[in-house]
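For reference, the chains in residue letters:
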Amino acid sequence: MDVGWVYTIQESMHAYAANVYTSVTEELSKAEDRRFIAVEQEFFRLWWDTVATDSHKRQVRQLVKEGRLEFIIGGQVMHDEAVTDLDDEILQMTEGHGFLYETFGVRPQFSWHVDPFGASATTPVLFALAGFNGHLISRIDYDLKDTMQKNKKLQFVWRGSPSLKEKQQIFTHTMDQFSYCTPSYLPFSNSSGFYWNGVALFPDPPKDGVYPNMSLPVTKETVHAYAKTMVDNIKQRAAWFRTNHVLWPWGCDKQFYNSSVQFNNMDPLMKYINQNSKEFGVTVQYATLGEYFKAIYQSNLVWELRESEDFLPYSTEPHQAWTGFYASRNVLKGVARRASSQLHAAETLFTRYRISFPDGPVAKDWALDKLRALRWAVSEVQHHDGITGTESPKVADMYLQHLMQAMMGVEELLAALFLLPHNLDLPSILGSHYHRKSVHQALEQHVIVYNPLAWNTTTIINVTVTSPTAAVFDDDGKPVPAQIQRSAESNATYDLFIMVELGGLQHRKYRIKFSEKQCSGRFKCGWTYVAKGVLFERRNVRDSLKTGRRLLPVLNECYKLMFDQDTNLLHSITYLPEKRRVRMTQDFWEYHANGDVKAGPISDNYIFSANASAVRAYKAVDMEIIPGKIVTEVRQHFYREESDKDYAYSITTRVPECFGSKARCHRLEQTYSLGPLRLNTEVVLRTSSSLKNNRTLFTDDNGYQMMERTYRKFTNNTLARNYFPMVRTAYIEDDLSRLLLVSDRAHGVSSQANGQLEVMLHRRLWNNLAWNLGYNLTLNDSSVVRPTLWMTLGSVSATSKLYQREAIELQHRPVVMPIDQPQRPWQEKEPRGGSPVRSVVLPPNLHLLSLSIPGWNYSSDHDVHLSHVHSGKDLHSEPDYDRVLLRIMHLFEEGEDPELSKPVTINLKDVLQGIGEVKALKERSLTGTWDITGLQRWKWKTADNLETNKERCWSCGNEAFTVTISPKEIRTFFVHFASKTF
């Protein structure tokens, strides 16, 4: 059941989704042998909370207890695997699992990833960490599936992580060529078969219960023909698998909303086959996915291993590479990631607040409601027709509206957490005991900056202001280095860059003092540098035969960038620690897409099919350089035509100039502006360098691990099939150097020539394929997009230490919150004393993945919780505000770095003492529903016979709170802190 695709959630609930759960619950209760598997928790929870009667709820509890209704995956959605980030995949699973465990005491143990467009190697690792015993996929390259099918290799044990190896391996079943739907072809009838409830009707279900395309009923006359068709298909499939158990999926998208019709035809058909099983050579039974996997497990075979390679990209036919969606709906991809990082910041801040000020003025139930709304919205958009950009425009608008609404709520929460006095003795930041100084004072504004990461940081933030001069002071009244200049986006505003130093999970208040006049002798601007730009006139591409004669350097401690005044493009970068120069240019190219099905293969939301190489997307470039003390900014504008007044694309590069400070000079921050595009164009940022990478590139799977992507040649569609998803990171390298990009949202990337790295940033398409038009699945996206990439160039060993952390620091930039408008200063009677909150700092190779108060209320002891669930008492429980969910991840692979790849031992009591005193610590499964000591996953036999689960000792020190974290581990804990009283 798609959580958004063609229809909104509300439309789907009304037309069919609610009816699925109502009618299936009723039908399962009528016969003991009937079974059903349910996947997406968003629909189920909406039904449970708004539609289900008490009698339905009692029936569901019984069916779940008996194992006849089985929840599969158990996340809010069936998440996409190509463009989703690890944080959000874990979030949406934790959301669904928390609900299922609290409500029914069940923990899903199998996956049903039948519809995502390609399979990532991160997914099986996360499912194993969540306690799953089997994984199921379907959409992989058509030619690969064909080969696996012939050789009976559709089932294997997958070791998705090269560092975790057999510890987190999982048995994986690939659906055969019929995929996850019942085959509908009937040799004896023109109507499609096996779908007796027909096709769901929008917007309203039919009053008479008669749906379009209902299959021929099973009667005395048709039963034999139906049985023969079904048995033939079962036997055809049996030849592709190693055991004599065949998984025959009965259903498809939007089915079983009228399930009495469905079961009343399935029952007699199955009964007939079993009565004639000698003749047919087949017996059939209803089964859940768990029952099927159990039968396979008990067959006790030895399975082939698959190492950490993934199944991306994905093609369905020679000219259909599903690599377009890596870049579709760039705005939605960006908002989804921004919402996710805002959620992370708010979760950590609220957790600290709850522990420090349990009776503080921010109401805990109000706060949790705000967080839950954003958890729900961020989970929802991870659906494989959500963040992928493959939905209809009204559904894209729905996701955006849900995200923006929930983000506004969390913005209110952040403001409350920052501003309300925590207890009544301390004056609040906006305390009421102020009196005005003389009226002639300059205006002031206050900004709070919060670092949501558990690392100390020195970084540059940008505050948009309307005054041309400003001085900045920290909460101790000391001046802070800053720089002010005209904004790139508007003539009416200024960019104020401020150098901030923050401890892990720490926030500080900064005071910005504006002055009416330019800075002169008497009127000091504190430590603010006023930066002025230098303009370089427009250069036409056709004139640039002679290049490289007039090069202009931009320098910092890490790099010398050379810009060519003949072209206004980048010419080379030298990384200074090793004095190595790399030739490099960056510009925009576009693929012209075909939109006419009669003219050949088309590009659409899903598919990228280039019928020719990209062409240069501009004819002229101008440039402005703004030399500074904090940053030097280079603005390049690209014009479609030489005489155009407005530019079509731009690159703004910020080179950090902070000599001698702790800020990192290797990070070249780039923001682009593109759009509105012309119709049927797909625009790429192309970085061409002198690196000899032989068209091999590395891209990340979901921000968890890097995959090597060697260039492959195909008979058809080579260009599009060499595009890969980049969620956080992509790089190319040779023996000496590596060029690295990290991203604030997902894109498609490729290396189409030696030394080249191209990133598809934006697409705007229209085509006349009837299927696309019928569902309004065109991508006529006229938006302007402003994605950000951070670029680093350096030796392979130097960049190996950096890239994981760079990607995380881009994802979780400091939260900057102006807390008032510029106004006349108010005088505090006593200066606000007291140091800022204590910092929480992890070693550089460990990342605080989660610190939150989930609110689910269940006992950590499984037996106690089960007896509570089965007691039949009213289970509406208050949220648990004391249990803290903590996740820590080791960022490095084994052997990636001589120091940083080592296992790390930390004492969590010590690490977390900045938050409070740790009283109890329990290790849990990834989504929190298993106590790790009670989690025994199935041990599948493999050729090398390594056991699935090595017992790992997590308190390897003598102390109770000591944990050793090995490369690529994600460890999950429930933490209780000692209560504070004031």
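Residues numbered from 1 in each chain as written. Predicted model: local features only at pLDDT ≥ 70, side-chain atom pairs only at ≥ 80, totals over all residues. Heavy atoms only, no water.

### With respect to the overall build of the protein chain
Line of reasoning, step 1. When you go through the protein chain residue by residue, the secondary structure sums to 18 helices and 45 strands.
Line of reasoning, step 2. Here the C-alpha coordinates of the protein chain stretch approximately 100 × 75 × 60 Å along the principal axes.
Line of reasoning, step 3. Summarising the internal contacts of the protein chain: among those between residues at least 6 apart in sequence, 75% fall at separations of at least 24.
Line of reasoning, step 4. Put simply, the protein chain shows about 38,300 Å² of open surface, and 51% of that area lies on carbon and sulfur atoms.
Line of reasoning, step 5. Placing the 111 positive and 112 negative side-chain charges of the protein chain at their respective mean positions leaves the two points 3 Å apart. (Helix = DSSP H or I, 4+ residues; strand = E, 2+ residues; numbered from the N terminus. Contact = heavy atoms within 4.5 Å. Areas by Shrake-Rupley, 256 points an atom, 1.4 Å probe, with all protein chains shown as cover. Lys, Arg positive; Asp, Glu negative; His and termini not counted. Charge placed at Lys NZ, Arg CZ, Asp CG, Glu CD.)

### Brief notes about the nonpolar core
Line of reasoning, step 1. The biggest cluster of nonpolar side chains holds 180 residues, and the ones touching the most others in it are W112, L269 and I970.
Line of reasoning, step 2. Examining the composition of this core, we find that 13 residues originate from one element, helix α13 (residues 393-419), more than from any other.
Line of reasoning, step 3. In this view, L269 contacts F194, W196, V218, V223, Y226, A227, M230 and W250; residues no more than four positions away in its chain are not counted.
Line of reasoning, step 4. Membership of the second largest hydrophobic core comes to 47 residues, among which are F536, V655, L668 and V759. (Core = buried A, V, L, I, M, F, W, Y, C linked by side-chain atoms within 4.5 Å. Buried < 20%, exposed > 50% of the residue type's maximum accessible area, 1.4 Å probe, protein only.)

### Focus: the state of the cysteines
Line of reasoning, step 1. In total, this model carries two disulfides according to the counting rule given.
Line of reasoning, step 2. Two residues, C181 and C252, share a disulfide whose sulfurs are 2.0 Å apart. Residues C181 and C252 are joined through a disulfide that is right-handed, its torsion about the S-S bond being 60°. Separated by 71 residues along the polypeptide, C181 in the loop between β5 (170-174) and α7 (223-238) and C252 in the loop between α7 and α8 (259-275) bring together distant segments of the chain.
Line of reasoning, step 3. Judged by relative accessible area, C252 falls into the partly exposed class, the value being 32%.
Line of reasoning, step 4. Between the sulfur atoms of C558 and its disulfide mate C665 the distance is 1.8 Å. (Disulfide = S-S within 2.5 Å.)

### Notes on the sheet that holds β5
Line of reasoning, step 1. Taken in spatial order, the four strands make up an open sheet running β3-β5-β4-β7, and their pairing is mixed. Each of the sheet's edge strands pairs with one partner strand only, and the pair in question is β3 (134-137) and β7 (305-306). (Pairing = 2+ DSSP bridges.)

### Some details on the confidence of the model for the protein chain
Line of reasoning, step 1. Residues at a pLDDT of 70 or more form 94% of the protein chain, whose mean pLDDT is 93.
Line of reasoning, step 2. Segment residues 424-428 is flagged for pLDDT under 50; beyond a separation of four residues in sequence, or across chains, it makes six contacts in the model. (pLDDT = per-residue confidence, 0-100.)

### Topic: helix α3 (residues 54-66)
Note on helix geometry: an α-helix contains 3.6 residues per turn, so any two residues three or four positions apart are oriented the same way.
Line of reasoning, step 1. The end-to-end C-alpha distance of α3, which contains 13 residues, comes to 19 Å, matching closely the 18 Å that a straight helix rising 1.5 Å per residue would cover.
Line of reasoning, step 2. Of all the positions in α3, only H56, V60, L63 and V64 are classed as buried. Angular distribution of buried residues about the axis of α3 spans 95°; they occupy a single face of the element. In α3, the exposed positions that point more than 90 degrees away from the buried face belong to D54, R58 and K65.
Line of reasoning, step 3. Turning to α3, the residues buried within the fold contact α1 (9-28), α2 (41-50), β2 (69-71) and α4 (86-104).
Line of reasoning, step 4. Positive backbone phi, at 80°, marks G67, one or two positions downstream of α3. (Expected span 1.5 Å × (residues − 1). Arc of directions from axis to C-beta.)

### Examining the pattern of salt bridges
Line of reasoning, step 1. In the structure shown here, the tally under the stated rule is 50 salt bridges.
Line of reasoning, step 2. A salt bridge links R139 to D115, with the nearest nitrogen and oxygen atoms 2.9 Å apart. Of the two residues, R139 is situated in the loop between β3 and α6 (142-150) and D115 in the loop between α4 and α5 (122-129); the sequence distance between them amounts to 24 residues.
Line of reasoning, step 3. Residue class for D115 comes out buried when judged on its relative accessible area of 7%.
Line of reasoning, step 4. R329 is paired through a salt bridge with E391; the nearest N and O atoms lie 2.9 Å apart. Note that R329 is positioned in the loop between β9 (320-321) and α11 (330-356) and E391 in the loop between α12 (364-380) and α13, a separation of 62 residues in sequence.
Line of reasoning, step 5. In this structure E391 comes out as buried when scored by relative accessible area, which is 0%.
Line of reasoning, step 6. Connected through shared salt-bridge partners, D495, E624, E633, R635 and R654 make up one network. (Salt bridge = Lys/Arg side-chain N within 4 Å of Asp/Glu carboxyl O.)

### Focus: the UniProt feature "domain: Glycoside hydrolase family 38 central" (unreviewed entry) in the protein chain
Line of reasoning, step 1. Taking the numbering used here, the UniProt-annotated feature "domain: Glycoside hydrolase family 38 central" (unreviewed entry) corresponds to residues 320-403.
Line of reasoning, step 2. Summarising residues 320-403: 65% helix, 2% strand, and an end-to-end C-alpha distance of 32 Å. (UniProt positions renumbered as here; feature names shortened; annotations may be inferred.)

### Brief notes about the packing of α7 against α8
Line of reasoning, step 1. In the contact formed by α7 and α8, the axes pass within 10 Å of each other and the chain directions differ by 75°. One element, α7, and the other, α8, form an angle in the roughly perpendicular class. Mapping the contact onto sequence places V223, H224, Y226, A227, M230 and V231 in α7 and P268, L269, Y272 and I273 in α8.
Line of reasoning, step 2. Looking at side-chain class alone, the contact of α7 with α8 contains nine nonpolar, one polar and no charged residues. (Axes fitted to C-alpha atoms, helices over the stretch in contact; angles between N-to-C directions. Parallel < 35°, antiparallel > 145°, perpendicular 65-115°, else oblique. Nonpolar A, V, L, I, M, F, W, Y, C, P; charged D, E, K, R; others polar.)

### Some words on the environment of D882
Line of reasoning, step 1. Position of D882 among the secondary structure elements: in the loop between α17 (862-870) and β40 (884-890).
Line of reasoning, step 2. Placed 28 residues apart in sequence, D882 and P854 show a C-alpha to C-alpha distance of 9.5 Å.
Line of reasoning, step 3. Among residues more than four places away in sequence, those in contact with D882 are R354, V975 and H976.

### Examining the pairing of β40
Regular strands have side chains that alternate between both faces of the sheet.
Line of reasoning, step 1. In terms of burial, β40 is a largely internal element, seven of the seven residues being buried.
Line of reasoning, step 2. Note: β40 against strand β45 (residues 970-977), six bridges, orientation antiparallel. Considered in β45, the bridge of M889 is made with I970.

### Here's the deal with a nonpolar patch on the surface
Line of reasoning, step 1. Judged by side-chain polarity, V597, L769 and W771 come together as a nonpolar surface patch covering roughly 240 Å² of accessible area.
Line of reasoning, step 2. Looking at where L769 falls in the secondary structure, it is placed in the loop between β35 (756-764) and α15 (770-774). (Patch = residues over 30% accessible without salt bridge, like charges linked within 9 Å, V, L, I, M, F, W, Y side chains within 5 Å.)

### Considering the side chain of T528
Line of reasoning, step 1. Assignment of secondary structure puts T528 in strand β17 (residues 528-530).
Line of reasoning, step 2. Sequence-distant contacts of T528, defined by excluding residues within four places in its chain, comprise A470, A471, V472, A482, Q483, I484 and L496.

### Considering empty space enclosed by the protein
Line of reasoning, step 1. Following the criterion strictly, the structure yields nine cavities of 30 Å³ or more and no others.
Line of reasoning, step 2. The calculated volume of the largest cavity comes to roughly 330 Å³.
Line of reasoning, step 3. Secondary-structure elements contributing two or more residues to the lining of the largest cavity are α4, α11, β39 (846-852) and β40.
Line of reasoning, step 4. When its residues are assigned to classes, the lining of the largest cavity shows eight nonpolar, six polar and six charged.
Line of reasoning, step 5. If you add up the space inside the second largest cavity, you get close to 80 Å³.
Line of reasoning, step 6. Every residue lining the second largest cavity is listed: T94, G98, P854, G855, W856, Y858, D880, R883, L885, T927, G928 and F974.
Line of reasoning, step 7. Residue composition of the lining of the second largest cavity, grouped by class: five nonpolar, five polar and two charged. (1 Å grid on protein atoms, 1.4 Å probe; cavity = no way out; pocket = protein on both sides within 12 Å on 5 of 7 lines; lining within 4 Å. Points joined across faces, edges and corners; volume = space filled by probe spheres on them.)

### What to know about α2
Line of reasoning, step 1. Among the 10 residues in α2, seven count as buried, and that is most of the element.
Line of reasoning, step 2. Taken residue by residue, α2 has Q41, E42, F43, F44, R45, W47 and W48 as its buried positions.
Line of reasoning, step 3. Elements in contact with the buried residues of α2: α1, α3, β2, α4 and α12.

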